[in-house]
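Secondary and tertiary structure notes
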Amino acid sequence: MDRIIGEIDKAIKVLTVPAQSARAPAGSPDPETLPDADRRTSARLMRVNHAGEVAAQALYQGQALTARNQTVKAALQQSAAEETDHLAWCEQRLRELQGRTSLLNPLWYVGSFAIGALAGALGDRASLGFVTETEAQVESHLRGHLDRLSPRDSRSRAILEQMQHDEIRHGENAAALGGMALPLPASLAMRAVSKLMTNGSYWI
Ligand SMILES: [Fe+2]
Ligand SMILES: [Fe+2]
């Protein structure tokens, strides 16, 4: 019961309380004069990335809940702490762009928590393999966003580049701890879910 209450408390915090970053947000906080069309596009892209980071919180939280090995648990928690930085940076950048967070975030949180807990329940090697696959997909997604961002929006670019750097490391760490390669249908299903998430959060 305590654990359930703890998880609900964490979910409410992620969804309603501004995240605090341990590291300074990447890029210069100086206000930029972005043309309105660029600002709107950046706000949509950063809303998608913010939703992705909400999902990352839930995934890592779900996995840590069911992880068996203490080393694995500690590694998941270390990556989760860096995901909190990402969440805070995306939130801050969204505010600077006068954007808003996705209304679908509670849905992404609940769904991702369930997927994370399931991955964790399949055992640590599968769970770590899931992290490696997720982070690889996130990294390629971020590469796509870096291509779509206006060249004038150097602040968002700096944030996404730092995130990309961290996600690559999260994936490598999970692989080094013994993550197994996921079967193709699992990777394809994950791609489909993340497509749903990125498209939904772009508009809603
Ligand atoms: Fe992240
Ligand atoms: Fe990550």
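Just above, that's the structure.
Attention in this report is confined to the structure presented alongside it. Because the structure is a prediction, the values reported are computed rather than measured.

Cut-offs and rules
Residues numbered from 1 in each chain as written. Chains lettered and ligands numbered in written order. Predicted model: local features only at pLDDT ≥ 70, side-chain atom pairs only at ≥ 80, totals over all residues. Heavy atoms only, no water. Phe/Tyr/Trp six-rings, centres within 6.5 Å; stacked < 30°, edge-to-face > 60°. Buried < 20%, exposed > 50% of the residue type's maximum accessible area, 1.4 Å probe, protein only. Donors = N, O, S within 2.8 Å, 3.2 Å for Na, K, Ca; no water. Helix = DSSP H or I, 4+ residues; strand = E, 2+ residues; numbered from the N terminus. Salt bridge = Lys/Arg side-chain N within 4 Å of Asp/Glu carboxyl O.

**Looking at the packing of aromatic side chains**
Per the stated rule, a full pass over the model turns up 1 aromatic pair. Judged by centre distance (4.8 Å) and plane angle (80°), the ring pair of Tyr202 and Trp203 falls under edge-to-face. The class for Tyr202 is buried, based on a relative accessible area of 15%. Trp203 sits in the exposed class, given a relative accessible area of 56%.

**Side note on the coordination of the iron ion (ligand 1)**
For the iron ion (ligand 1), the full set of protein donor atoms is Glu53 (OE), Glu53 (OE), Glu83 (OE), His86 (ND1) and Glu167 (OE), at a range of 2.0 to 2.5 Å. When the donor residues of the iron ion (ligand 1) are listed from N- to C-terminus, their spacing reads E-x29-E-x2-H-x80-E. Between the iron ion (ligand 1) and the iron ion (ligand 2), the interatomic distance is 4.0 Å, and Glu83 donates to each metal, bridging them. Highlighted residues: Glu53 in helix 2 (residues 36-66) and His86 in helix 3 (residues 70-96), separated in sequence by 33 residues. Like Glu53, the residue His86 is buried in the burial classification.

**Structural notes on the pattern of salt bridges**
All told, the structure shown has 11 salt bridges when counted by the stated rule. Residue Asp36 pairs with Arg39 through a salt bridge whose shortest N-O separation is 3.0 Å. Taken together, the positions of Asp36 and Arg39, both in helix 2 and 3 residues apart, correspond to about one turn of that helix. A relative accessible area of 42% means that Asp36 is categorised as partly exposed. Overall, Arg39 belongs to the buried group, its relative accessible area being 16%. Of the charged contacts in the structure, one is a salt bridge between Asp166 and Arg169, with a shortest N-O distance of 2.9 Å.

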